[in-house]
Amino acid sequence: MTHVHYLKLADLAPGMTVRVDGGFTCMAEGEERVVKADVDGDLYIECAEGRHGLAGQLDDDGRLIGILDARDPISRLFVDFDAAMWADGYEMDGDAGTYTPNDAERGLIEDAVAGVVGDLHEQIRPLLEARDAAVRDAWSRQHGLNADGTPRRETVPADDPAGALAK
Ligand SMILES: [Zn+2]
């Protein structure tokens with residue numbers, strides 16, 4: 001059995017990207033969606049049938065069944081960068097003309113470039129996490145969310161819809 005880490009509502013805010021697993025008929029496995037909010041502050045993602053409310057995916061433990069973390073699009077630029085391919089296509093264009101590296105030099109270039117991209121990713125990762133935390137905080141403050149990330153609502157007792165008993 002594989003370990004699956006489903007997100008919780010409190011992990012999310014509008015603008016974040018999630019990925020879905022294979023348990024949906026209205027979305028294909030691995031598809032990514034940007035989280036949006038309706039006028040009530042309920043989070044949803046767009047699917048083949050319109051809006052797929054995230055609260056409908058909640059299990060008893062507050063996990064959003066089928067909703068997974070997606071790699072941040074900025075982070076993905078670094079992770080997916082192909083240093084070997086980049087080095088293969090590299091030529092130096094200088095004032096003195098063009099220089100085409102030999103195989104040994106290409107190996108060196110690839111190693112150096114992969115190192116730089118990896119270092120930059122390490123440096124940018126905490127910035128991305130801080131950005132996501134700020135987005136979540138702003139969203140929670142704006143909507144006065146419950147601790148589990150669900151919108152806090154004025155509730156009217158079912159036997160007193162007009163609120164007469166409260167007066
Ligand atoms: Zn759907």
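Our subject in this report is the structure included herewith. (Residues numbered from 1 in each chain as written. Predicted model: local features only at pLDDT ≥ 70, side-chain atom pairs only at ≥ 80, totals over all residues.)

Digging into the nonpolar core
- Formed by 15 residues in total, the largest nonpolar core has its most connected members in Leu12, Val18, Val35, Leu54 and Ile67.
- When residues of this core are traced back to their parent elements, those giving at least two are β2 (17–20), β5 (43–47) and β7 (63–69).
- Aside from chain neighbours lying at most four places away, what touches Leu12 is Leu7, Val35, Leu43 and Gly149. (Core = buried A, V, L, I, M, F, W, Y, C linked by C-beta atoms within 7 Å. Buried ≥ 20, exposed ≤ 12 C-beta atoms within 10 Å, placed from the backbone. Helix = DSSP H or I, 4+ residues; strand = E, 2+ residues; numbered from the N terminus. Contact = placed C-beta atoms within 7 Å.)

Here we look at helix α3 (residues 103–143)
- Taking 1.5 Å per residue, 41 residues should reach 60 Å; α3 reaches 58 Å between its end C-alpha atoms and fits that length.
- Of all the bends in α3, the greatest, near 30°, is centred on Ile124, and the proline Pro126 appears no more than four residues after it.
- Immediately beyond the C-terminal end of α3, within one or two residues, lies Gly144, with a positive phi of roughly 50°. (Expected span 1.5 Å × (residues − 1). Bend = angle between axes of the 7 residues up to and from the residue.)

Description of the pairing of β2
- Covered by surrounding structure in β2 are Val18 and Val20 only, the residues Thr17 and Arg19 on the alternate face being uncovered.
- Judged from the three bridges that link them, β2 and strand β3 (residues 32–34) form a sheet pairing that is antiparallel. By the bridge assignment for β3, Val18 is matched with Arg33.
- Sheet topology note: the β2/β7 ladder contains three bridges and is antiparallel. Each residue of the ladder has a partner; that of Arg19, found in β7, is Leu68. (Pairing = 2+ DSSP bridges.)

Structural notes on the sheet that holds β5
- Taken in spatial order, the three strands make up an open sheet running β4-β5-β6, and their pairing is antiparallel. Two strands close off the open sheet at either side, each with one partner strand: β4 (36–37) and β6 (50–53).
- In this structure, β5 lies alongside β6, joined through four bridges in antiparallel fashion. Of the residues in β6, the one forming a bridge with Ile45 is His52.

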